[in-house]
Amino acid sequence: MTAQCIMVLGTTSGAGKSWLTTALCRWYANQGLRVAPFKAQNMSNNARVVANAEGGFGEIGSAQYFQALAARAEPDVRMNPLLLKPEADTRSQVVLMGHVDAELSAMPWRGRSLKVWPHIAEALDALRAANDVVVIEGAGSPAEINLHDSDVVNMRVALHSNARCLLVTDIDRGGAFAHLYGTWALLPDNERALLKGFVLNKFRGDASLLAPAPRMLLEKTGVPVVATIPMQWNHGLPEEDGVFDDRSHGSAGAVHTRVAVIAYPRISNLDEFQPLKNVHGVRLQWARSPADVEGADWIILPGSKATAADLAWLRAQGLDAAIAAHAARGGMVLGVCGGLQMLGEALIDTEGVDGNAAGLGLLPLVTSFEARKTVRLTETQLGEVRGAWSRLAGVPLRGYEIHHGQTAQHPAMAEAGDKVHEVVPGLAWQNAKGNVLGLYLHGMFEDANVLEALFGTDVLTLDAVFERMAQGIGQWFDPAALALD
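In this report, the structure presented in the accompanying data block is examined. (Residues numbered from 1 in each chain as written. Predicted model: local features only at pLDDT ≥ 70, side-chain atom pairs only at ≥ 80, totals over all residues. Heavy atoms only, no water.)

Concerning the sheet that holds strand β8 (residues 99-100)
Selection criterion: Here a strand pair is declared whenever DSSP counts at least two bridges between the two strands. Secondary structure elements follow DSSP: runs of H or I of four or more residues count as helices, runs of E of two or more count as strands, with numbering from the N terminus.
Pairing in this open sheet of four strands is mixed, and the strands run β3-β6-β7-β8 from one edge to the other. Two strands bound the open sheet, and with one partner strand each, they are β3 (41-43) and β8. As defined by bridge partners, strand β7 (residues 91-96) adjoins β8 across two bridges and the pair is classed as antiparallel. Looking across to β8, one finds that L96 is bridged to H99.

Structural data, given as structure tokens:
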């Protein structure tokens, strides 16, 4: 059996494609169907490690990882065959079928289409052959006519799979009906024919006040408005493309832990901190200046796609001094992957991977960059954890690693008596005082064991988030728009 395909397109980035795709994955899975997500090409520095067909590991975009979990499917590199990880404004690392492809990374943007499309089509066809429904996410807008000829993620995918397409728009931004009509108008006739419904997302107020616009839009396009989704600031799903909105960065009630996450320009895997937003009494803030870390209980240095460059930015903002002062007062500091590397004494790059730099000197470690990237799933148990982070002692931990750097204590530092406490060999380290912790493992806050050890309370699980989203689909959509042939 070949799966039917439902495709979620958007009038703009941020319209709600990823959210809606995730919700539809759980909704169709709840109908007893075999469901898989798919996005031909994702551009994001938020990635997850998944197993591949060869028995190894590969990378896919975080959104497709969470969509797979929503679909109750095993995450698979075929669900996101092409991942672009921005390294600069005009350069991205290209990950094809889970692995970095240096040749494609060096090619001009428009020159990649012919080479990548066969891989994309093969991955999609394989998912269709193994499932009842494939829920496909587009990227940006399908009406970006300057890119139409080289498109491999929107209407080329829709035509290849004969997908029933929903077009979602962010009505909170204003101009939603113009966005919907303009997108429809710019598509060729054969692509327009695949549009089966318009979706209004992030609506506030009384939906009856939308009349007569939906009827007028139907008269002009022949496409009905099939759902109006209310505004949901704190839906509980990790953000895909950017830092989370400051209007939803904390739970209601008394705040017992203030967490400042350093938001450098090439931040990566920022979505792994989403579970902290769901913990009662925890308040998160993105920090871009020394004032933003004042009063914080924790400072987190997250992952980075360009560690040396982000470290230079951090110093230019004066955040290096602010972090050092916080640590000197006994404040808790956590470095994850690139953040761990920054906490050390030096970054050494003889391979031209990232760049050389002096570290912040809060951990007596040195990182050397290697051309080969470490990509793997990791299960471990934290050893003796001291000081402020001692609640994590002995906690079993699951996560993933994505890094070029290899970190260790420099022998000369150890001889000089500047000891580091190795919590897990080659993976996690602490300073002598115990308030600064660095580790290579991403995803620790997605592990219920860690949250329970740190906060001693139940939090909103991802599965509960998926169920809540699926319930919303049942409430907001015209059932005919979701029916399968």
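That shown, we press on.
Some points on the pattern of salt bridges
Rule in force here: A pair is scored as a salt bridge if a Lys or Arg side-chain nitrogen falls within 4 Å of a carboxyl oxygen belonging to Asp or Glu. Relative accessibility decides the category of a residue: with a 1.4 Å probe and only protein chains considered, values under 20% of the type maximum give buried, values over 50% give exposed, and everything between is partly exposed.
Inspection of the entire model under this criterion finds 19 salt bridges. A salt bridge links R26 to D463, with the shortest nitrogen-to-oxygen separation between them at 2.9 Å. Of the two residues, R26 sits in helix α1 (residues 17-29) while D463 sits in helix α16 (residues 462-476), which places them 437 residues apart along the sequence. Since its relative accessible area comes to 0%, R26 is described here as buried. According to the relative accessible area criterion, D463 is partly exposed, its value standing at 42%. Between R376 and E401 there is a salt bridge, and its shortest N-O distance comes to 3.0 Å. Remark: E401 occurs in strand β22 (residues 396-408) and R376 occurs in strand β21 (residues 366-381); sequence separation between them is 25 residues. Connected through salt bridges with shared partners, the residues R26, R72, D463 and E467 form a single ionic network.

Concerning the pairing of β7
The buried fraction of β7 is high, at five of six residues. The hairpin formed by strand β6 (residues 82-88) and β7 contains two residues between the paired strands. Between β7 and β8, which pair antiparallel one after the other, the connecting turn spans two residues, and M97 there sits at a positive phi close to 50 degrees.

Looking at the packing of aromatic side chains
Stated formally: Classification of ring pairs uses Phe, Tyr and Trp, with its six-membered ring standing for Trp, and accepts pairs whose centres are within 6.5 Å; under 30 degrees between planes counts as stacked, over 60 as edge-to-face, and the remaining range as tilted.
Scanning the model with the defined rule gives nine aromatic pairs in all. Residues W429 and Y440 carry aromatic rings whose centres are separated by 6.3 Å and whose planes lie at 75 degrees to one another, so their mutual orientation is edge-to-face. Of this pair, W429 sits in strand β24 (residues 428-430) while Y440 sits in the loop between β25 (436-439) and α15 (448-455), placing them eleven residues apart in sequence. Classification of W429 as buried rests on a relative accessible area of 2%. On the basis of relative accessible area, Y440 is assigned to the buried category, the value being 1%. Among the aromatic residues, those joined into a ring-pair cluster are F273, W298, W389, F445 and F455.

Notes on unusual backbone geometry
Geometrically, the link from A211 to P212 is a cis peptide bond, its omega value of 10 degrees lying close to zero. Turning to its location among the elements, P212 is positioned in the loop between β11 (195-203) and α8 (213-221). Of note, the phi angle at M97 is positive, near 50 degrees, even though the residue is not glycine. Judged by its relative accessible area of 23%, M97 is partly exposed.

A look at helix α2 (residues 62-70)
In an α-helix, one turn spans 3.6 residues, which is why side chains three or four residues apart end up on the same side. With seven of its nine residues buried, α2 lies for the most part within the structure. The set of residues buried in α2 consists of S62, A63, Q64, F66, Q67, A68 and A70. Directly beyond the C-terminal end of α2, a positive phi value near 60 degrees is found at R72.

Re the pairing of strand β12 (residues 225-230)
Short version of the rule: A crossover counts as right-handed when, viewed with the strands pointing away from the observer, the path leading from the first strand over the helix to the second turns clockwise.
Pairing of β11 with β12 involves four bridges; the strand directions are parallel. Each residue of the ladder has a partner; that of F198, found in β12, is V225. Note that the unit made of β11, α8 and β12 has a crossover that is right-handed.

So, the side chain of R26
This is how the line gets drawn: Polar contact is defined as a pair of N or O atoms within 3.5 Å, subject to the rule that within protein one atom must be able to donate a hydrogen and the other to accept it, and that residues adjacent in sequence are counted only when both atoms are side-chain atoms. Every residue pair with non-hydrogen atoms within 4.5 Å of one another is taken to be in contact.
Only 2.7 Å separates the side chain of R26 from the backbone oxygen of A70, close enough to count as a polar contact. Not counting residues up to four positions away in its chain, the partners in contact with R26 are L69, A70, R72, D463, F466, E467 and A470.

Let's talk about the environment of K433
With respect to the element layout, K433 can be found in the loop between β24 and β25. In sequence terms K433 and D271 are 162 residues apart; their C-alpha atoms lie 29 Å from each other. Those residues within four positions of K433 in sequence are excluded, and the remaining contacts are A327, A328, G330 and G387. Within the structure, the side chain of K433 is placed 3.4 Å from the backbone oxygen of A328, a separation counted as a polar contact.

What about the packing of α1 against α16?
Let me state the cut-off plainly: Axes, fitted as lines to C-alpha atoms, cover a helix only where it is in contact. Angles between the N-to-C directions of the axes lie from 0 to 180 degrees. Convention used here: angles under 35 degrees read as roughly parallel, angles over 145 as roughly antiparallel, angles from 65 to 115 as roughly perpendicular, and any remaining angle as oblique. Residues are grouped as follows: nonpolar covers Ala, Val, Leu, Ile, Met, Phe, Trp, Tyr, Cys and Pro; charged covers Asp, Glu, Lys and Arg; every other residue, Gly included, is treated as polar.
It is the contact of α1 with α16, at a shortest axis distance of 8 Å, that shows an interaxial angle of 90 degrees. The orientation of α1 with respect to α16, classified from their angle, is roughly perpendicular. Together, W19, L20, T22, A23, L24, R26 and W27 of α1 and D463, F466, E467, M469, A470, I473, G474 and W476 of α16 make up the contact between the two elements. Residue composition of the contact of α1 with α16, by class: ten nonpolar, two polar and three charged.

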